[in-house]
Amino acid sequence: MKKWIAMLIAVMMLLSCSAALAEDTGLADVLAKGTLVMGFDEAYPPMGFVADDGTHVGFDIDLAKEVCARLGVELVLQPISWDAKELELSGKNIDCIWSGLTITPERQEQMLFSIPYLANEQILVVMSDSGITSADQLAGKVLGTQAGSSSVDVLDANPELKDSLAEIALSDDFVAALMDLKLGGIDVLLIDSVVGNYYISQQDDPDAFTVLPEVLEAEEYGIAFRLGEQTLADAVSEQLIAMSEDGTLDAIREKWFANDITIVSKYADSYGK
């Protein structure tokens, strides 16, 4: 009996070691097939969205195109449901999630992240004629945000605000939520500053919107890969660092953002150490 137990333990240890030593083929697989399939939210301006001519454009898309050109592979754009992003990645329908994805401890347990590349904040937006000037006035109001976004996690982390609300309305994407705010369906919108500020700037009357002074959370965006595919995460991160150093990253940033909110240089020296 003891011999069988010893053999069973030996087999389990062998299987464990084999799994631990499993070869990382993430980068090799992408180079072999010649494509990088990028999963993204196609209603997330300015990171990725559908232009008037029907093509997909955005800051993340421009970054990915440049990274893929440097890696010598073709970029394949794959719109995904944001609620199902983790399943799309683990199911190997996509090679990465590259769509203004906030790095959180919970997500780091499920996915492998690149170097952080963009700073973001969770902000509250109201219509200027609402009379609301601070978060203290949100009790009894209807708050909207995007389902499956980090905004939901931020709201959960602020129970005093959450419990004071009359209702929480979840939309499929932030663009729909912003339209709901504009039409009066919700009183306040919790949204990524990257998207909210861009949307407001594109309106005919940007003064119709007010960003409340309270910032609920400071965040950083990263690109997500499958756990164990460190070679692919490193290859993409190394290209982002090179783009930061040669000015390409800033040139792309200027196309979409007035202020420099890129943070690759902040982490370049410490990445991978």
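Refer to the structure above for everything that follows.
Note that the coordinates shown come from a computational prediction; the quantities given were computed from them, not determined experimentally. (Residues numbered from 1 in each chain as written. Predicted model: local features only at pLDDT ≥ 70, side-chain atom pairs only at ≥ 80, totals over all residues. Heavy atoms only, no water.)

Q: Describe the overall build of the chain, naming the residues involved and giving the relevant values.
A: A tally of regular secondary structure across the chain gives 12 helices and 12 strands. Dimensions of the chain, computed from the C-alpha atoms along their principal axes, are close to 75 × 50 × 35 Å. Across the 273 residues of the chain, 46% fall into the buried class. Contacts in the chain between residues far apart in sequence, at least 24 positions, make up 75% of those at least 6 positions apart. If you sum the accessible surface of the chain, you get close to 13,500 Å²; carbon and sulfur atoms cover 53% of it. Taken as two groups, the 16 positive and 46 negative side-chain charges of the chain have centres that lie 9 Å from each other. (Helix = DSSP H or I, 4+ residues; strand = E, 2+ residues; numbered from the N terminus. Buried < 20%, exposed > 50% of the residue type's maximum accessible area, 1.4 Å probe, protein only. Contact = heavy atoms within 4.5 Å. Areas by Shrake-Rupley, 256 points an atom, 1.4 Å probe, with all protein chains shown as cover. Lys, Arg positive; Asp, Glu negative; His and termini not counted. Charge placed at Lys NZ, Arg CZ, Asp CG, Glu CD.)

Q: Residues and numbers for helix H11 (residues 248-256), please.
A: Buried residues of H11: Thr248, Leu249, Ile252, Arg253 and Trp256, and no others. An end-on view of H11 places all buried positions within 135° of arc, on one side of the element. Buried-residue contacts for H11 involve strand S3 (48-50), strand S4 (56-57), helix H3 (59-71), helix H9 (193-201), helix H10 (230-246) and helix H12 (264-267). (Arc of directions from axis to C-beta.)

Q: Lay out the packing of helix H2 (residues 26-33) against H10 in plain terms, naming residues and giving numbers.
A: Packing of H2 against H10 leaves a shortest axis separation of 5 Å and a crossing angle of 70°. Of the possible angle classes, the one that applies to H2 and H10 is roughly perpendicular. Side by side, H2 and H10 meet where Gly26, Leu27 and Val30 of the first sit next to Thr231, Leu232 and Ala235 of the second. Of the residues in the contact of H2 with H10, the class split is four nonpolar, two polar and no charged. (Axes fitted to C-alpha atoms, helices over the stretch in contact; angles between N-to-C directions. Parallel < 35°, antiparallel > 145°, perpendicular 65-115°, else oblique. Nonpolar A, V, L, I, M, F, W, Y, C, P; charged D, E, K, R; others polar.)

Q: Please provide a residue-by-residue account of the pattern of salt bridges, values included.
A: Scanning all chains against the criterion turns up 12 salt bridges. What emerges from the salt-bridge pattern is a single network uniting Lys33, Asp95, Arg226 and Glu229. (Salt bridge = Lys/Arg side-chain N within 4 Å of Asp/Glu carboxyl O.)

Q: An account of the packing of H10 against H11 is needed here, citing residue identities and associated values.
A: Following both chains from N to C, one finds H10 and H11 inclined at 80°, their axes separated by 4 Å at the closest point. In terms of orientation, H10 and H11 fall into the roughly perpendicular class. The residues of H11 that touch H10, namely those facing Met243, Ser244 and Asp246, are Thr248, Leu249 and Ile252.

Q: Tell me about the state of the cysteines, and name the residues and values.
A: As used here, a disulfide is simply a covalent bond connecting the sulfur atoms of two cysteines. For the coordinates displayed, the defined rule picks out zero disulfides. A disulfide-free cysteine, Cys68 has its sulfur positioned 7.6 Å from the sulfur of Cys96, the nearest such atom. The class for Cys68 is buried, based on a relative accessible area of 1%. Cys96 gets classed as buried once you look at its relative accessible area, which sits at 0%. (Disulfide = S-S within 2.5 Å.)

Q: Help me get a handle on the packing of aromatic side chains, residues and values and all.
A: Summed over the entire model, instances satisfying the criterion amount to six aromatic pairs. Residues Phe49 and Trp256 carry aromatic rings whose centres are separated by 6.0 Å and whose planes lie at 85° to one another, so their mutual orientation is edge-to-face. A residue pair is termed long-range when its members are at least 10 positions apart, and Phe49 in strand S3 and Trp256 in helix H11 qualify at 207 residues. With a relative accessible area of 16%, Phe49 lands in the buried category. (Phe/Tyr/Trp six-rings, centres within 6.5 Å; stacked < 30°, edge-to-face > 60°.)

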